[in-house]
Amino acid sequence: MKALVLSAGVRPAGYSLPRQIVPIANKPVLEYVVENLRDVGITEIGIVVGEGGQEISELFGDGSYLGVSLTYIQQDVPLGVAHCVRIARPFLGDDDFVLYLGENVLAEGIGQIADEFARLRPSAQVLVDKVEDPRLYGVAEVDENSRVTRLIEHPQEPRSDLALIGVYFFTPAIHAAVDAIEPSWRGEFEITDALQWLVTHERDVRARVYSGFWKDTGKVEDVLECNRELLMGLRTDIQGIVDAESTLIGDVVVEEGARVVRSCIVGPAIIGAGTLVEESIIGPYTSIGADCRITESGVADSIVLNEASVHNVSGIETSLIGRRARVGSARQHRLVVGDGAHVDVAA
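Chemist: Please explain helix 2 (residues 53–60) as it appears in this structure.
Modeler: Structural remark: α-helix, 3.6 residues per turn; residues separated by three or four positions point the same way. Along helix 2, the residues classified as buried are Gly53, Ile56 and Phe60. Along the axis of helix 2, the buried positions cluster into a sector of 65°, meaning they face one direction only. Among the exposed residues of helix 2, those oriented more than 90 degrees off its buried face are Gln54 and Glu58. Contacts made by the buried residues of helix 2 are with strand 1 (2–7), strand 3 (27–28), helix 1 (29–39), strand 4 (44–49) and strand 5 (69–74). The first or second residue beyond helix 2 is glycine 61, which carries a positive phi of 55°.

In structure tokens form, the structure reads like this:
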């Protein structure tokens, strides 16, 4: 079995990073995706990339350091998920495969659905979950035997609250469906339309409800929620230097080359390699990236990306600070600071 991971989506506002490689708990979103696939024995992975493809390929290379083989597939124009399957056909061949949206975090992996697909081998098996507003998603209507009877993208009057959450298992039957469909009203080739084609042609399409934590990381608040969830799995690991005047409370990771000086770190929290935290308080649910400087400040429930600096700030909370950004002399703020930005607000 192979996998096709879609990473050609948009970037978060104000950030040069594609959202699939924004770090959560100091690890890119896409790395969690690759690990979930590797953990079910899938090592041949195609990654569909768009504008940010070079950054993704530079970060992950051939995938060998993660124990997988990565192939990059360029999508020049974003024409939808089913279009990605179409252009990836030379890579996929006639193998079964997993289609995985690369901005989705599934904290408990995909082992159960992988086992079920291998046992039943329907033409397609989709992962779903109940959501409050199905109009924002592709939606599946499912019978009492978990067979999908109808699918629709962004329904205005949904008849089901089971949303497709971005992981699909396919046999090669999906290729005929992808070739048969036309662009939707959005001008895209929708994977829901391809799935509906299978249903209409009496192919076996099944759904499985995901029982663990999952999140589409398309918004800042979703990124922060994922950060909280994943940090809760940390265990204390001190590879850097923590001086005698500092205090660590709870589970804290201090990576190699990091220094904690006259500071208090309340876990779960992670301090990235080469970072200096001095005369500061780092509250729980905070990820500080590599080579940052946090001095005379307080940061909690936030993500600070690589090479950022925060100085003389009395309480940043629920914030996302971009790469190489500088924030100084500010009172309590909830901030979203883009890459390379400079924020200096008088106290």
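The discussion continues.
Chemist: I keep staring at the side chain of serine 319 and nothing clicks. Help me out?
Modeler: Along the chain, serine 319 falls in the loop between strand 27 (309–317) and strand 28 (320–321). Given the relative accessible area of 0%, serine 319 is considered buried. A polar contact is formed between the side chain of serine 319 and the backbone oxygen of glutamate 317, at a distance of 2.7 Å.

Chemist: Just to check I follow, could you spell out the pattern of salt bridges for this structure?
Modeler: A side chain with one charge may pair with a side chain of the opposite charge, provided their charged atoms come close. Per the counting criterion, the structure on display carries 19 salt bridges. Between aspartate 95 and lysine 2 there is a salt bridge; the shortest N-O distance is 3.2 Å. With a gap of 93 residues between them, aspartate 95 in the loop between helix 4 (89–92) and strand 6 (97–101) and lysine 2 in strand 1 connect regions that are remote in the sequence. Between glutamate 153 and arginine 186 there is a salt bridge whose closest N-O contact spans 3.9 Å. Separated by 33 residues along the polypeptide, glutamate 153 in strand 10 (residues 148–153) and arginine 186 in the loop between helix 6 (173–180) and helix 7 (191–200) bring together distant segments of the chain. On the basis of relative accessible area, glutamate 153 is assigned to the buried category, the value being 18%.

Here is what the cut-offs are and how they apply
Residues numbered from 1 in each chain as written. Predicted model: local features only at pLDDT ≥ 70, side-chain atom pairs only at ≥ 80, totals over all residues. Heavy atoms only, no water. Buried < 20%, exposed > 50% of the residue type's maximum accessible area, 1.4 Å probe, protein only. Helix = DSSP H or I, 4+ residues; strand = E, 2+ residues; numbered from the N terminus. Arc of directions from axis to C-beta. Contact = heavy atoms within 4.5 Å. Polar contact = N/O pair within 3.5 Å; in protein donor to acceptor, adjacent residues only side chain to side chain. Salt bridge = Lys/Arg side-chain N within 4 Å of Asp/Glu carboxyl O.

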